[in-house]
Amino acid sequence: MTQSKLSALMQRGTDLLGSETAIMCGAMSWVSERNLVSAISNAGGFGVIACGAMTPELLDTEIAETKKLTSKPFGVNLITMHPDLMKLIEICGNHDVSHVVLAGGLPPKGSLEAIKEIGAKVICFAPAMALAKKFIRSGVDAIVIEGMEAGGHIGPVATSVLAQEILPQIADQVPVFVAGGIGTGDMIGAYLEMGASGVQLGTRFVCAHESIAHPDFKKAFMRGNARDAVTSVQVDPRLPVIPVRALKNKGTEEFTRKQIEVAKLLDAGEIEMGEAQLQIEHFWAGALRKAVIDGDVENGSVMAGQSVGMVKAEESVVDIIKTLTKEAEAALAR
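Quick notes on the rules
- Residues numbered from 1 in each chain as written.
- Predicted model: local features only at pLDDT ≥ 70, side-chain atom pairs only at ≥ 80, totals over all residues.
- Heavy atoms only, no water.
- Core = buried A, V, L, I, M, F, W, Y, C linked by side-chain atoms within 4.5 Å.
- Buried < 20%, exposed > 50% of the residue type's maximum accessible area, 1.4 Å probe, protein only.
- Contact = heavy atoms within 4.5 Å.
- Pairing = 2+ DSSP bridges.
- Helix = DSSP H or I, 4+ residues; strand = E, 2+ residues; numbered from the N terminus.
- Axes fitted to C-alpha atoms, helices over the stretch in contact; angles between N-to-C directions.
- Polar contact = N/O pair within 3.5 Å; in protein donor to acceptor, adjacent residues only side chain to side chain.

Observations concerning the nonpolar core
Point 1. Membership of the largest hydrophobic core comes to 109 residues, with the highest contact counts inside it found for Leu59, Leu78, Ile143 and Ile188.
Point 2. Among all residues touching Leu59, those that are not within four sequence positions of it are Ile49, Cys51, Met54, Val76, Leu78, Leu88, Ile91 and Cys92.

Examining the sheet that holds strand β7 (residues 152–153)
Point 1. The strand order across the open sheet formed by three strands is β7-β11-β10, and the pairing between neighbours is antiparallel. Each of the sheet's edge strands pairs with one partner strand only, and the pair in question is β7 and β10 (229–231).

Regarding the environment of Ile182
Point 1. Within the fold, Ile182 resides in the loop between β8 (176–179) and α8 (185–193).
Point 2. Remark: the alpha-carbon pair of Ile182 and Ser19, spanning 163 residues in sequence, is separated by 19 Å.
Point 3. Excluding anything up to four places from it in sequence, Ile182 contacts Met187, Ile188, Tyr191, Val199, Gln200, Leu201 and Ser307.

Quick look at the sheet that holds strand β9 (residues 198–201)
To summarise the sheet geometry, strands pair through backbone hydrogen bonds and adopt either a parallel or an antiparallel arrangement.
Point 1. Pairing is parallel in the open sheet, where eight strands are placed in the order β1-β9-β8-β6-β5-β4-β3-β2. Strands with a single pairing partner mark the edges of an open sheet, and in this sheet they are β1 (23–25) and β2 (48–50). Neighbouring strand axes in the sheet, compared pairwise and without regard to direction, differ in orientation by 25° on average.
Point 2. Relative to strand β6 (residues 142–146), strand β5 (residues 121–125) runs parallel, the two sharing three bridges. Counted as the bridge partner of Ile123 is Ala142 from β6.

Quick word on the side chain of Ser19
Point 1. In this structure, Ser19 sits in the loop between α1 (2–17) and β1.
Point 2. The class of Ser19 is buried, set by a relative accessible area of 11%.
Point 3. Only 2.9 Å separates the side chain of Ser19 from the backbone oxygen of Thr21, close enough to count as a polar contact.
Point 4. Setting aside chain neighbours within four positions, we find Ser19 in contact with Thr14, Gly44, Gly45 and Phe46.

Bear in mind that shape data such as this cannot, by itself, settle questions of function.
Below is the structure:
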């Protein structure tokens, strides 16, 4: 009976994603690549490739390689401010990608239509009620509401507040996935009962056996606790800095220095605001790569959500999803 309750509450989510469980993996640059994405989809979840700052050629290869490892559906996460966004959408179309997730602000004109044209479902992040309603009017297929407990780029409001505010208003109109700070099945059960159709987890999957993250990156996660995952400081209000949550280290301080440097260039009129924003984004991409791939967890950016304290060991994706669903079933039966 409990199984059917979990399945029933996830039904709209699984129908939309085409997966066995409505557990999406967050798109984490350098981490959510072919190996982890295919493993999650093969285990009954829904993997999402993090395109991040990839060039169209790199994304082309990544999708092709992921398809060699799984026949199950998976998505591709695209950043709305990517200069080649339309080309990236076209590449998703060439590979018949079933779901495109758009992150990072309002999608540029024509991008939602372009995704619909390639026959893919479109999922958008809505960090506020007004944006969620706007997306629904634009015809998006599903919405992710992600709270500030998440790792990486974050908004200013907590997951529990967003869920209370947004779910009762829109959950009957489109499937809504809740993200940010979810580390156990108990929490999944709670959000499903509030009207969510599924959830998205990132931090919980970083230490999977199938994740290519450097052993030292994984060790930092297993050592870390909630209060170690802090948000970056914005030095200059003119700089379009979306706060980033990561484990406190030398790299966190380095970012503060980087902002001061970019602000000085702006003052001197040596760069435009758009270029300033790209420099900041490139800093993050480089700092994250340094930590995830090279294992420099002192100077790189160890992006992690506050649920990092619940990641205690390296385990397989199959076991992670099994644990989460078992816990959710038990919570719903209580």
